[in-house]
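Structural overview
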2 protein chains.
Amino acid sequence: MFKDLNPILHSQLRLAVVSILITVKEAEFTYLKEKTNATAGNLSVQINKLKEAGYIEVVKSFKDNYPQTICKITPQGVQAFEEYVKDLQTYLNIKK
Amino acid sequence: MFKDLNPILHSQLRLAVVSILITVKEAEFTYLKEKTNATAGNLSVQINKLKEAGYIEVVKSFKDNYPQTICKITPQGVQAFEEYVKDLQTYLNIKK
DNA sequence: GTAAACTAGTTTATTTTATAAACCAAATGA
DNA sequence: TCATTTGGTTTATAAAATAAACTAGTTTAC
């Protein structure tokens, strides 16, 4: 009946990050922070979890002398997100 | 951009319970346990949280000599669920 | 009639998560 | 130069989910 929801994506902040990355393909840490209203610490932790899960790719470099962290979604990330959205439907089945 | 998700509903088990109660209006503890595949302990805890939030009503009685716990959704529960589903859309906006 | 197994839960303890607070290294500005 | 800001990370704390243990009673089998 109810499909298990991917716990990595069933988190408000991680879901927001993946949601953004699905549409923009690439985003800076600061951009994600602004769009999600997350604290830097929280975002840092959650980005690492997404990276460890293989859902995003993180590239660190420097831009205008400042450190810069760029995140991109991976094919696994896209797939996991689509699966999550599909699974979620079973919980929201008011639309019949 | 991203609306905050109701933390009481953003939980797999509680969401499943509310989802069921939205469609059946009334359900026994044992029925919910079977449908959600939850352990009794976990279900007991989560039912209490939903009750404390005012999202469900819990009536205890006896049936065939055994204790029986019946849960029903409240108007606030229905409203919170609908709001949650709506808020969730902002995270899933792949459909444009 | 009494021990073993089962029903229907609750409570407590443990693990996992989420979040906040504190920190770091470097850059900028007064 | 030293206080502030940027762009983070690490560590500590709070909250949540989950499991394990327990309660209270019932049924079944001897």
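For the structure given in this document, a descriptive report is provided here. All values derive from a computational prediction rather than experimental measurement.

Calculation notes
- Residues numbered from 1 in each chain as written.
- Chains lettered and ligands numbered in written order.
- Predicted model: local features only at pLDDT ≥ 70, side-chain atom pairs only at ≥ 80, totals over all residues.
- Heavy atoms only, no water.
- Near = heavy atom within 4 Å.
- Polar contact = N/O pair within 3.5 Å; in protein donor to acceptor, adjacent residues only side chain to side chain.
- Helix = DSSP H or I, 4+ residues; strand = E, 2+ residues; numbered from the N terminus.
- Nonpolar A, V, L, I, M, F, W, Y, C, P; charged D, E, K, R; others polar.
- Salt bridge = Lys/Arg side-chain N within 4 Å of Asp/Glu carboxyl O.
- Buried < 20%, exposed > 50% of the residue type's maximum accessible area, 1.4 Å probe, protein only.
- Contact = heavy atoms within 4.5 Å.
- Buried area = accessible area lost by both parts, 1.4 Å probe.

1. Structural notes on the protein's contact with DNA strand D
Within the structure, DNA strand D sits among 22 residues, and Ser44, Lys60 and Thr69 of chain A together with Ser11 and Arg14 of chain B are positioned closest to it. Taking the atoms of DNA strand D that fall within 4 Å of the protein, sugar and phosphate contribute 76% of them. In the environment of DNA strand D, a phosphate oxygen lies 3.2 Å from a nitrogen or oxygen atom belonging to the side chain of Ser11 of chain B. Secondary structure elements with two or more residues in the surface near DNA strand D: α2 (29-36), α3 (40-52) and β3 (66-73) of chain A together with α3 (40-52) of chain B. Of the residues forming the surface near DNA strand D, the biggest block, 5 residues, is contributed by α3 of chain B. Residues that form the surface near DNA strand D fall into these classes: 7 nonpolar, 11 polar and 4 charged.

2. Details of the pattern of salt bridges
For the coordinates displayed, the defined rule picks out 6 salt bridges over all chains. We note a salt bridge from Lys63 of chain A to Glu28 of chain A, for which the minimum N-O separation is 3.4 Å. Of the two residues, Lys63 of chain A sits in strand β2 (residues 56-63) while Glu28 of chain A sits in strand β1 (residues 26-28), which places them 35 residues apart along the sequence. Overall, Lys63 of chain A belongs to the partly exposed group, its relative accessible area being 42%. Among the ionic pairs, Lys72 of chain B bridges to Glu26 of chain B, the shortest N-O distance being 3.5 Å. Residue Lys72 of chain B is located in strand β3 (residues 66-73), and its partner Glu26 of chain B is located in strand β1 (residues 26-28); the two are separated by 46 residues in the primary sequence.

3. Let's talk about the interface of chain B and chain A
Contacts between the two partners involve 24 residues from chain B and, on the opposite side, 24 residues from chain A. Interface area for chain B against chain A, summed over the two sides, is near 2000 Å², with a carbon-plus-sulfur share of 70%. Area buried by chain B at its contact with chain A is led by Phe2, Gln12 and Tyr91 of chain B, which between them contribute 29% of it. Taken together, chain B and chain A are joined by 0 salt bridges. Along the contact surface separating chain B from chain A lie 5 residue pairs in polar contact (both at pLDDT 80 or more). Secondary-structure elements contributing two or more residues to the side of chain B that touches chain A are α1 (12-24) and α4 (75-89) of chain B.

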